[in-house]
Structure formats: C-alpha cells, structure tokens
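Topology and contacts: notes
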Amino acid sequence: WEIDVQSGRISWTEEVYHIHGVGHEYDPNDLQKNISFYAPDDARIIETAFHRAVNEGIPYDLELNFIQNDGKQIWVRTMGNPVFEGNKVIKVTGNIMDITERKHLELSLREALLKLKVLTGITRHDVVNDLSVIYLSLDMMRESDDEAIKHEYLLKAVDAVDILKKTIEFTREYENFGSVSSKW
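Attention in this report is confined to the structure presented alongside it. Please read all numbers here as calculations on a predicted model, not as lab measurements.

Of all hydrophobic cores here, the largest spans 26 residues; its most connected members are Trp1, Trp12, Tyr38 and Phe66. For this core, the secondary-structure elements that each account for two or more residues are helix H1 (14-20), helix H3 (40-56), strand E3 (60-67), strand E4 (73-85) and strand E5 (88-98). By residue number, the principal contributor to this core is H3, which donates 6 residues. Setting aside its immediate chain neighbours within four residues, Tyr38 contacts Ala43, Ile46, Leu64, Asn65, Phe66, Val76, Thr78 and Ile96.

Here's what the structure looks like:
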C-alpha cells in the first residue's frame, strides 16, 4: 500500500484488498474507515503509529488484531515507511500480511512451555522425595540390628528406586520437547 501525503490518495495492492476481505469496489481513500478494520484497542495503536510516520517520519512495524470485512478476526503484521523529499515526508509506503497462523503457533508454544515448566517442577519435586525415602531407608537400615526391620526398609528403598526409575523414564517423553510430537 501507499499514501501520497500531499494528496491523501491511498493505493492498495491486490493482497491488501484480500486481507481486508473486500473487492476493488471498496474505496481505500477513507483512512478512518481503513483503521476501523483493526480491533478497537489496536486501532488506536495503528492510528498513532501512522500519524507519527506521516508527521514525524517515524517508521513502524506492528503486529495487531484485525477484523476482516466478514467479521473474521486475524492477526496482521503491518509496516509503514516514510519516504522523504528533503526533510519532508511525501508519502508512506508499507505492507500488511496475515500472520494468524504464526501467531497461533507462538501462543501454543508459549502455553506448552508453561506446561513444561510446571511438569519439570513436579518431576524435580518427585525425584527429591524419592531420594529422601531412599536415604532415610538406608539410614534406618544402618541403625537397626533387627533383620526384619532392615528388610522392611530395604523394600521401601527398592520401591522408591522403582518409582524414581519410572519418573526418569517418563522424562524421556519430554526430553526432546518441541522437536518431535509428544505422546502426552
């Protein structure tokens, strides 16, 4: 897209019409109407950024919520670059692209990493607990002269070792998290 600052004339590419979900009968020369395609909070952001590009020559690169003509909400990346003649902005050129898929992947990854962090914390806690049972059982075995009690604590230590082995085996499921599909 491009806007001639002096005339206010706005021209769009085929892709800009497509992203807005409108045909060529749509007149892109109404800037406020164009801005209204952005979600309300993001409309203020793009409007401020656009006016700064026109009036102060400051480029922008934003990722914003966008509502297509049919009401479908998508994410877009929009960029605006002022073009100068001397020290005056004569036009702003830019582009807009649909980044919905990438944004959804980012959000999914963020959620998965949070779950992984929680899982890691739980696993670490379980390992520490199992090691405590093993150490306590070994201490109790050392202090007792009764073979039956020693055997009882040995079984507790062996049970804790088995649980620890299962925990370690489970961690293999998420060892390569993000590089292969998880089974859980």
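Our next topic: the pattern of salt bridges. Here the structure, examined in full by the defined rule, presents 12 salt bridges. The partner of Arg44 in a salt bridge is Asp41, with the nearest N and O atoms 2.5 Å apart. Within this pair, Arg44 and its partner Asp41 are both found in helix H3, separated by 3 residues, close to a single helical turn. Judged by relative accessible area, which is 51%, Asp41 ranks as exposed. Put simply, Glu63, Arg102, Lys103 and Glu106 are held in one network by salt bridges that share partners.

This part takes up the sheet that holds E3. Backbone-to-backbone hydrogen bonds join strands into a sheet, with any given pair of strands oriented parallel or antiparallel. Pairing in this open sheet of 5 strands is antiparallel, and the strands run E2-E1-E5-E4-E3 from one edge to the other. Only two strands of the sheet have a single neighbouring strand rather than two, namely strand E2 (10-11) and E3. One ladder, built from 8 bridges, connects E3 with E4; its direction is antiparallel. Following the sheet pairing, Asp61 is matched in E4 by Met79. Of the strands in this sheet, strand E1 (2-4), E3, E4 and E5 touch H3, which is tilted by about 145 degrees from E3. The sheet strands contacting helix H4 (residues 100-143) are E3, E4 and E5, and the helix crosses E4 at an angle near 120 degrees.

Turning next to H4. Three or four residues apart is the spacing at which side chains of an α-helix point the same way, because the helix has 3.6 residues per turn. Its 44 residues place the ends of H4 65 Å apart at the C-alpha level, agreeing with the 64 Å of an ideal helix rising 1.5 Å per residue. Turning to H4, its buried residues are Thr100, Lys103, Leu116, Leu119, Thr123, Asp130, Ile134, Ser137 and Met141. Among the structural elements, E3, E4, E5 and helix H5 (147-171) are those in contact with the buried residues of H4.

Throughout the structure, instances matching the rule amount to 6 aromatic pairs. An angle of 70 degrees between the planes, with centres 5.1 Å apart, marks the rings of Trp12 and Tyr17 as edge-to-face. For the residue pair Trp12 and Tyr17, the accessibility class agrees, reading buried in each case. Summarising the aromatic geometry, the rings of Tyr26 and Phe37 are spaced 5.9 Å apart at their centres and angled 80 degrees between planes, so their arrangement reads as edge-to-face. Of this pair, Tyr26 sits in the loop between H1 and helix H2 (31-35) while Phe37 sits in the loop between H2 and H3; the two residues are 11 residues apart in sequence, bridging distant segments of the chain. Judged by its relative accessible area of 10%, Tyr26 falls in the buried class. Among the residues examined, Phe37 registers a relative accessible area of 8% and is labelled buried. One aromatic cluster is present, built from ring pairs that chain together Trp12, Tyr17, Tyr26, Phe37, Tyr38 and Phe66. Positioned above the aromatic ring of Trp75 is the side chain of Lys103, whose terminal nitrogen or guanidinium carbon lies 4.7 Å from the ring centre.

Parameters and conventions
- Residues numbered from 1 in each chain as written.
- Predicted model: local features only at pLDDT ≥ 70, side-chain atom pairs only at ≥ 80, totals over all residues.
- Heavy atoms only, no water.
- Core = buried A, V, L, I, M, F, W, Y, C linked by side-chain atoms within 4.5 Å.
- Buried < 20%, exposed > 50% of the residue type's maximum accessible area, 1.4 Å probe, protein only.
- Helix = DSSP H or I, 4+ residues; strand = E, 2+ residues; numbered from the N terminus.
- Contact = heavy atoms within 4.5 Å.
- Salt bridge = Lys/Arg side-chain N within 4 Å of Asp/Glu carboxyl O.
- Pairing = 2+ DSSP bridges.
- Axes fitted to C-alpha atoms, helices over the stretch in contact; angles between N-to-C directions.
- Expected span 1.5 Å × (residues − 1).
- Phe/Tyr/Trp six-rings, centres within 6.5 Å; stacked < 30°, edge-to-face > 60°.
- Lys NZ or Arg CZ within 6 Å of the ring centre and 35° of its normal.

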